[in-house]
Amino acid sequence: MQSQNAVLVYDGNCGFCTRLAKSIREKTKDQITIVSFHKLTDSELQSIHKQLSRDLCAGEVQLIESGIRYPGFFAVRQLIWKMDIYKYFSFLLYLPLVPFLGMGIMYFLKRYRIKLS
C-alpha cells in the first residue's frame, strides 16, 4: 500500500461504490490512497487505523487522514476539500443541520447502493 497521508477504505464489491471511488481518484488527482476493505486482512486494516474492522468498513466508507478516522458523511466532507472544483462549495456541508441531512443521505445510499449499481 502507498504511504500517503489520506486513505479511503470503501466496499470494492459494489458497482456503485467502485464507480464512485474511480471518480474520487480522478478528481483528487491521486492525493488519496483508495482501497477496498475486501482486499485487506484484519491486521492491514488495523495498521491503517486501530479502530478499523471489517464490520465497520462494511457499514460505511472510512477516510483516515493524519491518524483521524472520518466515517460516512464526514469522510465525504473531508474529501470535498481535495477536489478542485467542489472545494469552493464545501462550506455548505458545514451549515447548521446539513450534517443530519448528509448522514440521512449516506444511510439511504448504504441501504440501497446495490440497487443503484
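Residues numbered from 1 in each chain as written. Predicted model: local features only at pLDDT ≥ 70, side-chain atom pairs only at ≥ 80, totals over all residues. Heavy atoms only, no water.

- The protein carries the name DUF393 domain-containing protein in an unreviewed UniProt entry, which gives Leptospira montravelensis as its organism.

Examining the pairing of strand β1 (residues 6–10)
So, point 1. Judged by how many residues are buried, β1 sits mostly within the fold: 5 of 5 residues are covered.
So, point 2. Residues A6, L8 and Y10 of β1 are buried on one face, and the alternating residues V7 and V9, pointing to the opposite face, are buried as well.
So, point 3. Judged from the 5 bridges that link them, β1 and strand β2 (residues 32–36) form a sheet pairing that is parallel. Paired with V9 across the strands is V35, a residue of β2.
So, point 4. The parallel pair β1 and β2 is bridged by helix α1 (residues 15–27), and the resulting crossover is right-handed.
So, point 5. Bridge count between β1 and strand β3 (residues 62–65): 4 bridges; the pairing is antiparallel. Residue pairing for β3: A6 is matched across the bridge by E65. (Buried < 20%, exposed > 50% of the residue type's maximum accessible area, 1.4 Å probe, protein only. Helix = DSSP H or I, 4+ residues; strand = E, 2+ residues; numbered from the N terminus. Pairing = 2+ DSSP bridges. Right-handed = clockwise from strand over helix to strand, strands pointing away.)

Observations regarding the nonpolar core
So, point 1. The biggest cluster of nonpolar side chains holds 16 residues, and the ones touching the most others in it are L8, I24, I32, I34, L63 and L79.
So, point 2. Among the secondary structure elements, those contributing two or more residues to this core are β1, α1, β2 and α4 (72–80).
So, point 3. In terms of residues, this core owes the most to one element, α1, which gives 4 residues.
So, point 4. Each residue touching L63, except ones within four places of it in the same chain, is listed here: A6, V7, L8, I32, I68, R69, Y70, A75, Q78 and L79.
So, point 5. Counting 10 residues, the second largest nonpolar core, distinct from the first, contains V7, V35, I48 and L52. (Core = buried A, V, L, I, M, F, W, Y, C linked by side-chain atoms within 4.5 Å. Contact = heavy atoms within 4.5 Å.)

Some thoughts on the layout of surface pockets
With a probe scaled to a water molecule rolled over the atoms, the places where space remains empty come into view.
So, point 1. Reported here for the largest pocket is a volume of approximately 790 Å³.
So, point 2. As for the largest pocket, its lining consists of 35 residues, and the residues nearest its centre are L20, V61, V76, M106 and L109.
So, point 3. Breaking the lining of the largest pocket down by element, the ones donating at least two residues are β1, α1, α3 (54–59), α4 and α5 (98–116).
So, point 4. The class makeup of the residues in the lining of the largest pocket is 26 nonpolar, 4 polar and 5 charged. (1 Å grid on protein atoms, 1.4 Å probe; cavity = no way out; pocket = protein on both sides within 12 Å on 5 of 7 lines; lining within 4 Å. Points joined across faces, edges and corners; volume = space filled by probe spheres on them. Nonpolar A, V, L, I, M, F, W, Y, C, P; charged D, E, K, R; others polar.)

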